[in-house]
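Results of the structural survey
Listed here are the chains, written in short residue letters.
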Amino acid sequence: MSEGTALGTQLAAPAPETSFSSTVAARIDANIGFIYIDNPPVNALSHSVRSGLSAAVRTFSDAPGVQAIIVIGKGQTFPAGADIREFGRPIEEPALNAVNLSIEACRKPVIAAIHGTALGGGLEIALACHFRIALASARLGLPEVKLGVIPGAGGTQRLPRLIGIEQALRAIATSRILDAAEALQLGLVDAIVADDLHAHAIRFAQQVIAEGRPLRLVRDLQDKLAPASAGVFDEFESNLPARLRNRLAATRAIRSVRNAAALPFDEGLRKEREYVEECKASPQSAALQYVFFAERAAFKFDGYIAGALAGPEPLVGIAGAGALRTPLAAALLIGGCRVLLFDQNARALSDASSAIVERLERLSSKGRIASRQELQSLTAALEVTSEAASLRHCTAVIEVEPDMLSSKSAIVGALSALVGEKTALITTTALLSVDEIAAASRRPANVVGMHFFIPASTMRQVEIVRTDRSSNLAASIAVELSRRLEKIPVVSRDCDGFVGDRTLRAYLKEAIAILEEGVPAAHIDAALRDFGMAHGPFELCDFIGLDLAQRILDGRSGPGETGTKLIDLQRAGTPDGMPAHAGTSIPKILAAAIVERCLLAAAAEAKRLVAEGIVSRPSDVDIVWVNGLGFPEHCGGPLFWATQTTASVQR
Ligand code: 3H9
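Here is a short report on the structure shown in this document.

Definitions and limits used
Residues numbered from 1 in each chain as written. Predicted model: local features only at pLDDT ≥ 70, side-chain atom pairs only at ≥ 80, totals over all residues. Heavy atoms only, no water. Phe/Tyr/Trp six-rings, centres within 6.5 Å; stacked < 30°, edge-to-face > 60°. Helix = DSSP H or I, 4+ residues; strand = E, 2+ residues; numbered from the N terminus. Buried < 20%, exposed > 50% of the residue type's maximum accessible area, 1.4 Å probe, protein only. Lys NZ or Arg CZ within 6 Å of the ring centre and 35° of its normal. Near = heavy atom within 4 Å. Polar contact = N/O pair within 3.5 Å; in protein donor to acceptor, adjacent residues only side chain to side chain. Areas by Shrake-Rupley, 256 points an atom, 1.4 Å probe, with all protein chains shown as cover. Nonpolar A, V, L, I, M, F, W, Y, C, P; charged D, E, K, R; others polar. Pairing = 2+ DSSP bridges. Right-handed = clockwise from strand over helix to strand, strands pointing away.

This part is about the packing of aromatic side chains. Tallied over the full model, the rule gives nine aromatic pairs. Ring geometry for Tyr507 against Trp625: centres 5.1 Å apart, planes inclined by 80°, an arrangement best described as edge-to-face. With Tyr507 in helix α19 (residues 500–516) and Trp625 in helix α25 (residues 618–628), this residue pair connects regions lying 118 residues apart in the sequence. What makes Trp625 buried here is its relative accessible area of 0%. Ring centres 5.9 Å apart and planes at 80° place the aromatic pair Phe531 and Trp641 in the edge-to-face group. Of this pair, Phe531 sits in helix α20 (residues 521–531) while Trp641 sits in helix α26 (residues 638–650), and the two are 110 residues apart along the sequence. You'll find Phe531 and Trp641 in the same group, each marked buried. By the ring-pair criterion, three or more aromatic residues cluster together here, those being Tyr507, Phe531, Trp625, Phe631 and Trp641. The lysine or arginine in question, Arg213, covers the ring of Phe204, its NZ or CZ lying 5.4 Å from the ring centre. Just above the ring of Phe292 sits the side chain of Arg296; from NZ or CZ to the centre is 3.7 Å.

Here it is in structure tokens:
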């Protein structure tokens, strides 16, 4: 008996779900066939999902009572993409492309009902369906380029047909994610609904059946394929953001969208597959996928306590008057925390609170806060107090005094006398010993450090610094706060420079050594910028300020030889000194040697950090470089890069 017959009989009565694979189940409700994808946490399109989906579509195509099919995700989301863990292995049939072709060819209406994040291969399934409806909170996109590949199951051919060439170029080549409202406006979805996706999907399907609406095959759409001008592709490529230049996947994505306009659908699809294979085999995609998983691994350190940040709107205290206060408070509010701002001085408290509200208003006018109503509720979540004792109700109290041991120790000491056993006491420092700060505290187990990179409001990286006495709970709370701040945390043991500055020190020292050998600073900067660093080493010193650069070079032991040398070189201002950054071309062989020396110095220090147990895994150092120090993401970080470089030299 075929699968179709078995299910057709079985589902004649109101039916329980029938499994098509370990991750796909189906059910008939009246004349509608539901296909449920259930592969937590993000419904990634593993082999079992693809095979289950394929079998379910086949079965419903043949089932006489079924007049329309709805594909829907269980749990948090519609599928968020191919299963990245399967990349690098031969594809197990059915490939997603074949599944999509069978959905598209189905003679009954197939409707994608979208919630959560329909990304990558997930959106490609939806594009192969005949209709799409989405919850208003859904987000849709083809972010494959971020992982060093391009959409490989028809996305580059179907999306332009649905939303036009220019919008598709932006979405695919720059991994732009659309919210449901924009998706509706562009024609990517046919309807959006506020709630009860399941019920609305049934209603939508019944309407399609009742109206006898013709099936809409995206592959057949032509009217949006003409670009506004012939030069649109070249222009788009030459205006790619700096981070995407030299990215194979971005250039192939553009080429593939160009094919959508120039070639028959099936030919475009064939080329798309070719480009996917080329991208998958590239070192860039290996590095980008490494970074993807490394960033997620960084949240889980040994001893991590999930759910450490109790409640949906945790109360976070902020004490101290440093420059971090305003941006940090605003970011915590946006991240869904309630903030209790403390200052003993009533005037200072009121000024600080106004500065935070102004910042929120500025962010709102830039569209970072969705509505006036949301702005009001964020403002209402900001509380102020001049009574230190009020801080005892907080889940965490963050001190933001200027970076001096005396003031930091004093405030952490005072706070430790107030807070309860479970409150994390977070000291924000770039240079000081968290251990020494905690020594002044009555509750050293509650104390952890947080080091934000410059500029703190835009850099995605944060270091969570544990002393030998810091509790797992305090460190876990700091990690969870990083998530609220949309930053990537790396948990580090306390050491001079933590992870970023300690490895940066080794890198800068090497750059200074090369300078002393007679290579102009401008050449050294140019070599590393051409490699992909956001700034050359001397540009970086200018950017963060020479005082800070000197302190990073000297470390906690205070003024030393290398830091002084940097300042002397700056003062001398000779053509071989600094700064003379722009427009420099140098022989390739010299550039390669500069890059190798500086990055291998950073990698060697990174290895020492791992060996000393300062971080739990090598990838922690790499993501600090990628997210905190401007290392090109598609090269994976200095350790990843060093491993690949050594391997390619040995080959
Ligand atoms: C693609 O689709 C190619 C196609 O064109 C087909 C070609 C033929 N695979 O981020 P989170 C894991 S390429 C496997 O912490 P959030 C993740 O590692 C793909 N695993 O959650 C983590 O695991 P763990 C295109 C995945 O709520 C857990 O899920 N799609 C995948 O903050 C939770 O992840 C994308 O690029 C995956 N695709 O964010 C989307 N995705 O718990 C990539 C996640 O063990 N994903 N995991 O650490 C994302 O952007 C975010 O995960 C998402 C959820 C926004 C979905």
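Picking up where we left off.
Here we come to the site of the ligand. As a structural note, the neighbourhood of the ligand is formed by 25 residues, with Ala82, Gly121, Glu124, Glu144 and Arg296 the closest of them. Ala82 has a polar backbone atom sitting 2.8 Å from an oxygen atom of the ligand. Between Ile84 and the ligand, the recorded distance is 3.0 Å, taken from a backbone N or O atom to a nitrogen atom. Out of a free accessible area of 1,000 Å², the ligand has 74% covered by protein chains. Going through the elements one at a time, β6 (117–119), α4 (121–128) and α12 (283–297) are the ones with two or more residues in the shell around the ligand. Counting residues per element, the shell around the ligand draws most heavily on α12, which supplies three residues. Broken down by class, the residue content of the shell around the ligand amounts to 13 nonpolar, five polar and seven charged.

Quick look at the pairing of strand β12 (residues 338–342) now. Judged by how many residues are buried, β12 sits mostly within the fold: four of five residues are covered. The pairing of strand β11 (residues 315–319) with β12 spans five bridges and is classified as parallel. The residue bridging Val316 from the neighbouring strand is Val339, located in β12. Assessed by its sense of winding, the connection that carries the chain from β11 through helix α13 (residues 325–334) to β12 is right-handed.

Below, the discussion takes up the pairing of strand β17 (residues 461–466). Most of β17 sits inside the fold, with six of its six residues counted as buried. Going residue by residue along β17, you find Gln461, Glu463 and Val465 tucked away on one face and Val462, Ile464 and Arg466 tucked away on the opposite face as well. Judged from the four bridges that link them, strand β16 (residues 447–452) and β17 form a sheet pairing that is antiparallel. Each residue of the ladder has a partner; that of His451, found in β17, is Glu463. Pairing between β17 and strand β18 (residues 488–493): six bridges, direction parallel. If you follow Val462 over to β18, its bridge partner there is Pro489.

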